[in-house]
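# Structural features, examined
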Amino acid sequence: MPLQRLVMLIFFLQPIAFGAWLPRIPDIQAKLELGTADLAVALLGLPIGTLITLPFAGRLVSRIGGRMAIIYGFIFFLAVVSLPAFAPSAMLLFFALIVVGVALSTVELGMNVEADVTEKATGLIIMSRCHGFWSFGIMAGSLVGVGAIAIGLSPHWSILITALVILPAALIASLRLPKLPESPHAENSQAMTGFKLPSLALLGICAFVFGVTMTEGAMADWSAVYLRDVMNAEGAQTGLGYSVFAFMVAAGRFSGDYMKGRFGAIAIARGCGIASLAGMLVVLLAPATPLALLGFAAVGVGVSVGFPLAVTAVASLTDRPPASSVATLSFAALTGFLIGPPIIGFLGELLGLRAGLAVLLVPLFVSLLCTRLLIPTQKDMAGDLVEREAV
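None of the values given here were measured: they were computed from a predicted structure.

## Some details on helix α3 (residues 25-32)
For α3, the complete set of buried residues consists of Ile25, Pro26, Ile28, Gln29 and Leu32. Buried residues of α3, viewed axially, fall in a sector of 160°; they line one side. Residues of α3 that are buried in the fold lie against α2 (16-21), α4 (36-43), α6 (83-86), α7 (90-122), α9 (155-175) and α11 (200-229). Where α3 ends, the next residue or the one after it, glutamate 33, has phi of about 55°, a positive value.

## Description of the pattern of salt bridges
Taken as a whole and assessed by the stated rule, the structure comprises three salt bridges. The residue aspartate 27 makes a salt bridge to arginine 24 at a minimum N-O spacing of 2.8 Å. Close ionic contact of aspartate 229 with arginine 228 constitutes a salt bridge, the shortest N to O distance being 2.6 Å. Using a relative accessible area of 41% as the deciding quantity, one classes aspartate 229 as partly exposed.

## What about the packing of aromatic side chains?
The description of an aromatic ring pair uses the distance of the two centres, along with the angle that the planes make with each other. Taken as a whole, this structure holds seven aromatic pairs when the rule is applied. Ring geometry for phenylalanine 133 versus phenylalanine 254: centroids 5.0 Å apart, planes at 90°, classification edge-to-face. Here phenylalanine 133 is found in helix α8 (residues 127-151), whereas its partner phenylalanine 254 is found in helix α12 (residues 240-263), with 121 residues between them in sequence. Look at phenylalanine 254 and you get partly exposed, because its relative accessible area is 28%. Among the aromatic residues, those joined into a cluster by ring pairs are Phe133, Phe136, Phe247 and Phe254.

## Quick word on the nonpolar core
Ranked by internal contacts, the top residues of the largest apolar core, which has 101 residues, are Trp21, Phe77, Leu93, Met219, Trp222 and Leu357. If you tally residues by element for this core, the top one is α11, at 14 residues. In contact with leucine 93, not counting residues within four places along its chain, are Trp21, Ile28, Leu32, Leu34, Ala42, Pro84 and Ala87.

## Quick notes on the environment of glycine 66
Mapped onto the secondary structure, glycine 66 falls in helix α5 (residues 45-80). Spatially, the C-alpha atoms of glycine 66 and valine 107 are 8.6 Å apart, while their sequence positions differ by 41 residues. For glycine 66, the contacting residues outside a window of four places in its chain are Val61, Gly110, Val113 and Glu114.

## A word on the confidence of the model for the protein chain
On average, residues of the protein chain carry a pLDDT of 83, and 87% of them reach 70 or more. Helix α19 (residues 378-390) is the least confidently modelled element of the protein chain, averaging 42 in pLDDT, while helix α18 (residues 361-369) averages 95, the highest of any element. Here residues 183-195 scores under 50 on pLDDT; set against residues more than four positions off or in separate chains, the count is five contacts. Taken as a whole, residues 376-391 scores under 50 in pLDDT and shows 22 contacts with residues more than four places along the chain or in a different chain.

How each quantity is defined
Residues numbered from 1 in each chain as written. Predicted model: local features only at pLDDT ≥ 70, side-chain atom pairs only at ≥ 80, totals over all residues. Heavy atoms only, no water. Buried < 20%, exposed > 50% of the residue type's maximum accessible area, 1.4 Å probe, protein only. Helix = DSSP H or I, 4+ residues; strand = E, 2+ residues; numbered from the N terminus. Arc of directions from axis to C-beta. Contact = heavy atoms within 4.5 Å. Salt bridge = Lys/Arg side-chain N within 4 Å of Asp/Glu carboxyl O. Phe/Tyr/Trp six-rings, centres within 6.5 Å; stacked < 30°, edge-to-face > 60°. Core = buried A, V, L, I, M, F, W, Y, C linked by side-chain atoms within 4.5 Å. pLDDT = per-residue confidence, 0-100.

Structure below.
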């Protein structure tokens, strides 16, 4: 199997077990008798675990390399991903999610480092498609969760079985990764110890991606609960919202490079921004589940290419090294993805979940305003050419 396809396979396998957890969140909420705010507090464990680990995980991955981080990270992550479903209380659910967040940050950082090294080794641009396969993986996992609901399999057993099935395939794929030379940028970044404030352009692009990833995180944690509590969906139907959303995210990412090459980054970003706002309004105003699912689909298209476009934009800024700008962007993106759901949960407890999700309209509108910062450059056009030749 070609190296780039092997990396894409790893991106597909990694989120499947976690995706199987997402449709079961309402079941865990009901089992533990948690209110919306209580669930929001418990869900804070995942972002806390991830954010406190990132600085240390970065040093670890720099030392052992992306390949070894993937191998060990897969074992750790798949060993703990089912722990939240076994939690007997809200407090233990919180701490279980912290552990999952620690494991998640390590394996995903290793995957992105390996994708970057693979691009440099092969001369092919694959990062966007890798994240497209990640979206397919989490969609597949959510469908597994929906299927487990349909056959009456308990959350803890369904997630544990999924992790055990994925583990051998993940290890085989990871062990087949060759030992590639590290990027020369790693040494350069270690030599740079000075601190420099982000430019207004970088902050604006971070604001753009923050709204995008905050919406992604909200869909992951609250779509199933929203369909159950607001739309009165039942059984497996509650998990379809995220499955539809994830499918459209993946479809958008696979077509994003072609659309960018034809219409330009700003036009695509604006079109997607309008689609996400329109889709969110449909979700909030839908009188029935089928229409809400159409809204989730439109939101998925809207947020699909935001992060890849933002990475290209910040890497083209000249006020600081690309690695530093991308690191700042990644932190903003991850922060949006992980803190959005708890914020929505707190507001949902006070005002209702429909009103809680309506808050997403604000960051999505800010993202739309910031799309003008995604200025195409000669570097972007060269990357598009390489991508078309790779296909």
